[in-house]
2 protein chains.
Amino acid sequence: MSSTHLGLDLGGTNIKAALVERCGGDVRVVATEACPTAASEGPDAVLERVVALASRLTSGFVTAGLALPGHFDAASGTGTLLPNLLGDWVGRPIGGPVGSALGMPVALVNDVRALTLAELRLGAGRGASDLVCVALGTGVGGGVAIGGRLHLGLGHAGEIGHTTVDPDGPLCGCGNRGCLDRMASAESIAAAAGAPTVAEAAAAARAGDPVARAAFARAGEYVGRALAGAVVLLWPERIVVGGGVADAGDALFEPLRTELRRRACVAPEIPVVRAELGTHAGAVGAALWGAEA
Amino acid sequence: MSSTHLGLDLGGTNIKAALVERCGGDVRVVATEACPTAASEGPDAVLERVVALASRLTSGFVTAGLALPGHFDAASGTGTLLPNLLGDWVGRPIGGPVGSALGMPVALVNDVRALTLAELRLGAGRGASDLVCVALGTGVGGGVAIGGRLHLGLGHAGEIGHTTVDPDGPLCGCGNRGCLDRMASAESIAAAAGAPTVAEAAAAARAGDPVARAAFARAGEYVGRALAGAVVLLWPERIVVGGGVADAGDALFEPLRTELRRRACVAPEIPVVRAELGTHAGAVGAALWGAEA
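Residues numbered from 1 in each chain as written. Chains lettered and ligands numbered in written order. Predicted model: local features only at pLDDT ≥ 70, side-chain atom pairs only at ≥ 80, totals over all residues.

1. Some words on the sheet that holds strand β7 (residues 106-110) of chain A
Residues and elements named next belong to chain A.
Okay, step 1: In spatial order, the strands read β3-β2-β1-β4-β7; together these five strands make up an open sheet with mixed pairing. At either margin of the open sheet sits one strand with a lone partner, and together these are β3 (26-36) and β7. Shown here is a sheet whose adjacent strand axes are inclined to one another by a mean of 20 degrees, direction ignored.
Okay, step 2: As paired elements, strand β1 (residues 2-10) and strand β2 (residues 14-23) share nine bridges and run antiparallel to each other. Bridge pairing links Leu-10 to Ile-15 in β2.
Okay, step 3: Where helix α3 (residues 111-122) meets the sheet, its contacts fall on β1, β3, β4 (63-68) and β7, and the angle it forms with β7 comes to roughly 95 degrees.
Okay, step 4: Each of β1, β2, β3, β4 and β7 touches helix α9 (residues 281-292); the most contacted strand, β1, lies at about 130 degrees to it. (Pairing = 2+ DSSP bridges. Helix = DSSP H or I, 4+ residues; strand = E, 2+ residues; numbered from the N terminus. Axes fitted to C-alpha atoms, helices over the stretch in contact; angles between N-to-C directions. Contact = placed C-beta atoms within 7 Å.)

2. Describing the relation of the copies chain A and chain B
Okay, step 1: Of the transformation placing chain A onto chain B, the axial shift is 0.0 Å and the rotation is 180 degrees, giving an RMSD of 0.0 Å. A rotation of that kind, with that shift, is consistent with a two-fold axis.
Okay, step 2: Here 100% of the contact residues of chain A are again contact residues in chain B; the copies associate through an equivalent surface. (Least-squares fit on C-alpha atoms with pLDDT ≥ 70 in both.)

3. Thoughts on the confidence of the model for chain A
Okay, step 1: Averaged over chain A, the pLDDT score is 96; the fraction of residues at 70 or greater is 100%.
Okay, step 2: Of the two predicted TM-score estimates for the complex, the pTM is 0.97 and the ipTM is 0.97. (pLDDT = per-residue confidence, 0-100.)

4. Quick word on the domain arrangement of chain A
Often the size quoted for an interface is simply the accessible area lost on bringing the parts together.
All names here are of chain A.
Okay, step 1: Domain boundaries assigned for chain A yield domain 1 (2-114 + 280-292) and domain 2 (127-275).
Okay, step 2: Just the C-alpha atoms count here: the centres of domain 1 and domain 2 sit 25 Å apart.
Okay, step 3: In this assembly, nine residues from domain 1 lie in contact with 14 residues from domain 2.
Okay, step 4: Taken together, the residues that form the side of domain 1 that touches domain 2 break down as four nonpolar, three polar and two charged. (Domains from an automatic or database assignment. Nonpolar A, V, L, I, M, F, W, Y, C, P; charged D, E, K, R; others polar.)

5. A word on the environment of Gly141(A)
All names here are of chain A.
Okay, step 1: Take Gly-141: it is sitting in strand β9 (residues 140-146).
Okay, step 2: Given 28 C-beta atoms within a 10 Å radius, Gly-141 is considered buried.
Okay, step 3: For Gly-141 and Ala-18, which are 123 residues apart along the polypeptide, the C-alpha to C-alpha distance reads 21 Å.
Okay, step 4: Those residues in contact with Gly-141 that sit more than four places away from it in its chain are Asp-111, Val-112, Ala-135 and Gly-161. (Buried ≥ 20, exposed ≤ 12 C-beta atoms within 10 Å, placed from the backbone.)

6. Describing the interface of chain A and chain B
Okay, step 1: Facing the 35 residues of chain A at the interface are 35 residues of chain B.
Okay, step 2: When contributions to the side of chain A that touches chain B are tallied by element, the ones reaching two or more residues are β9, α7 (210-234) and α8 (250-263) of chain A.
Okay, step 3: The dominant element in the side of chain A that touches chain B, judged by the number of residues it contributes, is α7(A), at seven residues.
Okay, step 4: Looking at the side of chain A that touches chain B residue by residue, the class counts come to 18 nonpolar, 11 polar and six charged.

Listed below in structure tokens is the structure:
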């Protein structure tokens with residue numbers, strides 16, 4: 001018997017949806033959709049767009065999950081820290097209204113934890129028991145799987161972006177100094193590369209531009225340093241790196257692996273691989289989270 | 001029905017043994033023993049002393065565990081990295097000969113992972129599901145429990161001592177620079193405090209000596225920084241700090257908690273507590289490891 005599961009991913013720019021079919025141990029993505037978030041229209045309008053997008057997919061799903069770009073309180077289904085969504089989301093009910101509209105409970109999950117779960121079941125983390133995932137985009141998110149399951153600890157485990165990689169570094173939005181999130185953000189890489197966007201910086205790096213390559217090398221070194229802390233602590237089987245910044249390829253991955261090897265030499269060398277699932281990974285992971293929760 | 005389990009802890013200075021009785025969910029320590037390691041007599045003599053110590057405890061145990069001060073290969077039961085034991089332990093069979101002498105298989109476990117398990121079941125970590133433990137002694141060891149079980153990953157997860165806390169810091173024995181193990185070792189604290197031993201430095205700090213207090217404050221800050229990385233990654237319920245360096249009390253714990261709070265501000269404040277089980281914690285943990293393995 002197969003069952004169908006809905007996943008939604010509310011991002012700062014776009015909302016994505018995926019339908020996932022599970023049959024025994026087999027999992028496959030059967031449909032995907034996307035639309036703009038239009039965050040400037042405010043939380044009510046954004047949540048209506050989430051529900052409208054869901055309705056564009058076949059009904060018949062038996063569980064639903066919703067990925068959010070930040071922190072929430074799982075018990076009450078309200079937002080607690082969603083800096084990449086415009087408007088006031090703190091304390092705002094999210095799970096409740098979306099669940100009412102869909103006619104079933106909605107399991108909330110952080111977007112990078114959702115990506116981690118999707119990569120674990122269907123992507124570059126397949127077959128691993130213990131996995132560390134890092135997503136390099138506007139900010140730096142992360143996720144940890146232990147024993148084949150997402151590890152959340154007291155709620156939002158996986159925040160590798162807030163590892164201190166430069167103790168006297170610049171102030172981060174969280175209040176700490178020298179967080180990976182600050183030192184390897186898309187914006188800081190684009191600025192260091194002298195490019196308007198990180199995508200253009202990545203293209204320049206792939207084409208061999210030395211300034212762009214140096215910008216990715218510096219970011220890769222910081223990512224490797226943060227990952228080294230995760231590796232000595234967890235000795236995972238695999239590390240998955242996703243997000244737009246990873247499109248720079250070797251310009252990022254070579255310095256990353258070098259720093260990781262150098263800093264985590266007490267542990268064996270852990271494979272560092274690219275995420276495989278692309279743009280709908282968060283929605284797919286949200287569907288899996290709803291199905292497994 | 002109760003069962004009795006033997007635990008042995010082979011340290012650089014002393015060998016310890018403990019008998020643990022399990023009855024349903026209840027666990028209690030029924031006997032302990034200790035003797036000098038006399039490491040200079042070489043591996044054969046040391047392993048004979050381990051077995052002789054075990055024979056001083058009542059027989060009738062149904063499982064046995066042995067804690068080692070470093071790394072080993074669990075499959076072959078041989079040493080791989082035991083820098084605190086004199087002589088050549090690399091590739092040397094340990095589990096095999098001790099097991100033959102005891103008449104049953106011996107489960108090997110790292111000494112600080114054993115301490116972590118003991119604190120989780122019987123000590124300061126009781127009732128916690130996810131726990132991070134750090135032991136501050138000659139070196140800095142650690143352990144991680146997830147979902148109420150010791151997490152070992154690919155073998156030796158928990159090596160928080162090899163977290164980089166000062167990227168340009170002094171060379172560590174592992175090959176990295178600025179490891180916590182180097183920056184907060186008993187030796188480095190005693191040297192900074194101008195005391196012959198860390199115990200004397202701790203006594204001076206408790207008595208208010210400003211140089212000694214500054215030495216523990218610096219070490220505490222580094223420990224807090226490494227723990228902050230573990231906290232943002234794992235969001236554990238509790239942190240347990242053991243080892244002789246912890247005897248300095250507030251001179252260590254206050255700067256540690258301040259740095260942890262400052263660096264891990266993305267996570268809730270996690271209680272940092274002293275280890276409770278004292279000198280036989282490793283042997284007790286080895287007994288539990290043998291019983292649970």
